[in-house]
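Inside the fold
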Amino acid sequence: DIETADRNMDAAVIGDALDFTFIGSGYVAHGDLLGAHGSNDEGNAIALDSSGRILVTGYGWNYHSSDVVDPFLVPYTAMVIWRFNPDGTLDKTFNNEGYVTHHGAAGGDGGDRGNAIALDAKERIIVAGVAENASGRSDLAIWRLNPDGSLDTTFDSMGYVIHDNAAGGSSWDGGGDIAIDSLGRIVVVGVSNGPNEIPYMTVWRYNDDGTPDTTFNGAGFVTHKGAEAGTRGSHGNAIALDASEKIVVVGDSDARYLTIWRFNPDGTLDPAFNTTGFVINDTADGINSGGSGNDLVIDALGNMLIAGISGNTNGNTDVTIWKFHPDGTPDTTFNGTGCVVHDNAAGGNSHDRGTAIALDQMGRVLATGYSFNSLGYSPDMAIWRFNADGTLDTTFNGRGYLTHRISGAGNYEDIANEIILDSSGRVLVVGKGTAVPGEESSSDMVIWRFK
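For the structure given in this document, a descriptive report is provided here. (Residues numbered from 1 in each chain as written. Predicted model: local features only at pLDDT ≥ 70, side-chain atom pairs only at ≥ 80, totals over all residues. Heavy atoms only, no water.)

**Considering the pattern of salt bridges**
Under the counting rule described, the total for this entry stands at 24 salt bridges. A salt bridge links R185 to D213; the nearest nitrogen and oxygen atoms lie 3.3 Å apart. Of the two residues, R185 is situated in the loop between β10 (173–180) and β11 (186–193) and D213 in the loop between β12 (199–206) and β13 (221–224); the sequence distance between them amounts to 28 residues. Given a relative accessible area of 15%, R185 falls into the buried group. Residue D360 is joined to R364 by a salt bridge in which the shortest nitrogen-to-oxygen separation is 2.7 Å. The class for D360 is buried, based on a relative accessible area of 13%. By sharing partners, the salt bridges in this structure join D120, R124, R144, D152 and D208 into a single network. (Salt bridge = Lys/Arg side-chain N within 4 Å of Asp/Glu carboxyl O. Helix = DSSP H or I, 4+ residues; strand = E, 2+ residues; numbered from the N terminus. Buried < 20%, exposed > 50% of the residue type's maximum accessible area, 1.4 Å probe, protein only.)

What follows is the structure in structure tokens.
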């Protein structure tokens, strides 16, 4: 039929784009890491070291086996770091396994997860995420490991730090993205729930030894809610440092408005940025339907490019790329409006989502995420590439975007969470996919590499 023919055509084009020097298939999947067959493993963030090795953080899923009758009763997740050689094989010099797991950092039974990863000047591995505490709630967690995979005990004596209750709600705290400044201080953005469970965008900063940097807002962290008039709070999803080491954060306010914050290095909002220190945008698709920024990159001129989502008139979400000048105004040289939207990449006429963004050496914009196909609840991994002016780059896969599903036919999930380019300009994407046909309810961590 027509749909099958179109998918076969797409597969051929994508097959040419996949880098088959990468483990022979162009992608590598790793699952059942903690021994729980049929469980979920996912890669949330990716980085490259100076040797071109690929580091991924995320989580692996297992079950507590204390119940003799049903050893698969209580699931838990552990923070995971994988390291792969440039050819896609696991690097067994890393913890003798090619991966490291850790859970219980905050004293709870599980629920630990790595959401962001970075390497410092000594190539120590820093991961930010969440860890479950003894009350069953989540705390901000930052781990630091040596290059061999061992915890770095010079970092707050344990190799990790925990922080909770930044916004005063004694509830949920978690880190979503990470940056390292020129002094080696660790800057993390995320969320802390305040009173009445309302989320506050939160930025933490830690010294190299793992202590809170109290020169930052007097406490080592700053929270903000109030960019919007609503009551659903604010979320910080991604962070970057500009050339002046001002801290730029993107996320959403009131769960529906793209929001950009900029802080001075001391933790105060920067009034040079839109006079208030933050910008709100809610009309990317031409309707007041809201949106969210999920990742950002700052170009050589200080412009901010953001990947995320916005709502359309059909009630679905479209992948959206925004571009703003350093003063917080939209850059209208980008698609005439300062933003571009795209939907239906995988042919499902449903949701498309941008989760991460990168720039190549030619200034082209790459975004990744997922797009629903026509098989029902079945997202495919997607990559879009735009020219510097915001138009789709049709030299990329013949149409400016591609989608990929590991298992072929079936109602499976293939989702990308982050994108980077290596020194050869190859595109690496990390996320999750269903690598075992017939196991729709489980997923493996997946890294794709494209030429």
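**Side note on the pairing of strand β7 (residues 125–132)**
Within a regular strand, the side chains alternate between the two sheet faces. Among the eight residues in β7, seven count as buried, and that is most of the element. The pairing of strand β6 (residues 113–119) with β7 spans six bridges and is antiparallel. By the bridge assignment, G114 is partnered in β7 with G129. Taken together, β6 and the strand that follows it, β7, pair antiparallel across an intervening segment of five residues, in which E123 is found at a positive phi of about 60°. Sheet topology places β7 next to strand β8 (residues 138–145); eight bridges connect them, and they run antiparallel. Across the sheet, the residue bridging to G129 is A141, located in β8. Remark: five residues form the turn of the hairpin made by β7 and β8, two consecutive strands paired antiparallel; G136 in that turn has positive phi of roughly 80°. (Pairing = 2+ DSSP bridges.)

**Describing unusual backbone geometry**
One non-glycine residue, N165, lies in positive phi territory at about 65°. With respect to the element layout, N165 can be found in the loop between β9 (160–163) and β10. Residue T275 is not a glycine yet carries a positive backbone phi of 65°. Of note, T275 is situated in the loop between β16 (257–263) and β17 (278–281). Judged by relative accessible area, T275 falls into the exposed class, the value being 67%.

**Quick notes on the sheet that holds strand β21 (residues 339–342)**
In space, the four strands of this open sheet follow the order β18-β19-β20-β21, with antiparallel pairing throughout. Looking at strand neighbours, the two that pair on one side only are β18 (291–298) and β21, the edges of this open sheet. Averaged over all pairs of adjacent strands, the angle between their axes in this sheet comes to 20°, without regard to strand direction. (Axes fitted to C-alpha atoms, helices over the stretch in contact; angles between N-to-C directions.)

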